[in-house]
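Summary of the model geometry
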Amino acid sequence: MAILITGAGMIGSMTAWRLGQKGEKPVLYDMAPQHDFLSSFLDYGTAKVVTGDILDVPRLIDTIHSEKIDRIIHTAALATPEIRSRPFAAVTVNIGGAAAVMEAARLTGVKRVVLASTTAVYEGAATVPPGGYEEDYETRCLSNRQKWLYPVTKHAAEQIGLVYADAYGVDFIALRLCGAFGWWKGRPSGAGSAMLMHALVSGPALGRPVVLDDPWILKMFSAGKLDLLYAKDAGKALSLACFAPDLKQKVYNVSGGRFLDLGEIIAAVRKVIPGARITLSDRIAQSPSGPTVISDPVNITAARMGLGYEPDFDIENAVRDYCDWLRRSG
Ligand SMILES: NC(=O)c1ccc[n+]([C@@H]2O[C@H](COP(=O)([O-])OP(=O)(O)OC[C@H]3O[C@@H](n4cnc5c(N)ncnc54)[C@H](O)[C@@H]3O)[C@@H](O)[C@H]2O)c1
């Protein structure tokens, strides 16, 4: 049997890579797959790439049947900057796409669906427990409501999955992933964390200086620190969630395990790339807008216990792997 991964972007492709390493057969499904990127590290003899729209339920069902799919990892979505300019498209793809995947799973009897959700949903949390945000968070649905469409659409996708689980018996797990970065072709256009790390590492990796002055990126540090997740670790967590038996809950936090300030991230880059020339703008405090950031770490105890998840990459190893990739891919 094979595993369908919707979305062949940064996280979907690293999930396919991870599953391939484990001897599984991943089938990526994306409306605009980047074949030159994917074929540079995926074995097209084992992995398969299907072109299709996530909203096309008959095509999803055909793919499930023809590729003998028994599990789905759903990553296809629109992320933050794109949502700003295309709000209706984001609502359609992120919420409608989750419903389309759950409906296709219901009609075909797929064994499990794993959703790539986000810790940005904690923008709606009213309190933070001492060990960091916990999955069953408390909110005040009006006075503490989410401010951006991105967490609203991802929260709605989670709720749709949970209702399909409760009402229709579809096995569903959501992983709330922290801001991720990793291998990607060119400058990432999605997550702020990927844009930040590309800005910080891509120049120095190739011997060029970098001036970090993009207000969108700098806004991420208005809350002080970030918990960065390497995309290969996101792929690891999603793969584990696909198969983990006897799960006690349906939603899990996944992070890189450490809350880092910008100085620590830059120090890791300088350790991997000695002599890296990085200049930081003093505009952090003035940045008017940016991606959703949460002010506290997330608690990943449940993922450790239930999924057996432990990040493989600390920030230094993640930067090293990313830097090697950037150098290899020019
Ligand atoms: N990157 C992060 O920091 C991060 C953090 C938390 C959660 N997530 C979630 O993880 C998932 C993957 O994120 P990513 O960074 O890999 O994003 P990405 O933008 O790199 O990949 C998303 C993919 O979805 C595809 N897609 C978009 N609309 C589609 C449609 N209508 N039909 C089929 N495919 C479509 C795009 O072509 C793209 O390849 C998303 O659901 C995102 O919300 C990402």
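Criteria and thresholds
- Residues numbered from 1 in each chain as written.
- Predicted model: local features only at pLDDT ≥ 70, side-chain atom pairs only at ≥ 80, totals over all residues.
- Helix = DSSP H or I, 4+ residues; strand = E, 2+ residues; numbered from the N terminus.
- Rg over C-alpha atoms; globule rule 2.2 N^0.38 Å.
- Buried ≥ 20, exposed ≤ 12 C-beta atoms within 10 Å, placed from the backbone.
- Near = placed C-beta within 6 Å.
- Core = buried A, V, L, I, M, F, W, Y, C linked by C-beta atoms within 7 Å.
- Contact = placed C-beta atoms within 7 Å.
- Pairing = 2+ DSSP bridges.
- Axes fitted to C-alpha atoms, helices over the stretch in contact; angles between N-to-C directions.

**Let's talk about the overall build of the protein chain**
On a plain count of helices and strands, the protein chain comes out with twelve helices and 13 strands. Relative to the compact-globule value of 20 Å for 330 residues, the protein chain shows a C-alpha radius of gyration of 19 Å, a close match. With the C-alpha coordinates of the protein chain rotated into their principal frame, the extents come out at 55 × 50 × 40 Å. Counting all 330 residues of the protein chain, 48% fall into the buried class.

**Thoughts on the site of the ligand**
Neighbouring the ligand are 28 residues, the closest being Gly7, Gly9, Ile11, Ala77 and Ala191. Elements supplying a minimum of two residues to the shell around the ligand: helix H1 (10-21), strand E5 (112-118) and helix H7 (192-205). Considering every element that reaches the shell around the ligand, the biggest residue donor is H1, with three residues.

**As for the nonpolar core**
Of all hydrophobic cores here, the largest spans 106 residues; its most connected members are Val113, Leu175, Ala180, Ala234, Ala237 and Val254. If you tally residues by element for this core, the top one is helix H5 (residues 87-108), at nine residues. Those residues in contact with Ala237 that sit more than four places away from it in its chain are Leu175, Val254, Ala303, Leu307 and Tyr309.

**Some words on the sheet that holds strand E6 (residues 172-177)**
In spatial order, the strands read E3-E2-E1-E4-E5-E6-E11; together these seven strands make up an open sheet with parallel pairing. The sheet is open, and its two edges are formed by strand E3 (48-51) and strand E11 (251-254), each paired on a single side. Each neighbouring strand pair of the sheet contributes to a mean axis angle of 20°, computed without reference to strand direction. Alignment of strand E4 (residues 69-74) against E5, held across four bridges, turns out to be parallel. Residue pairing across strands places Arg71 opposite Arg112, the latter belonging to E5.

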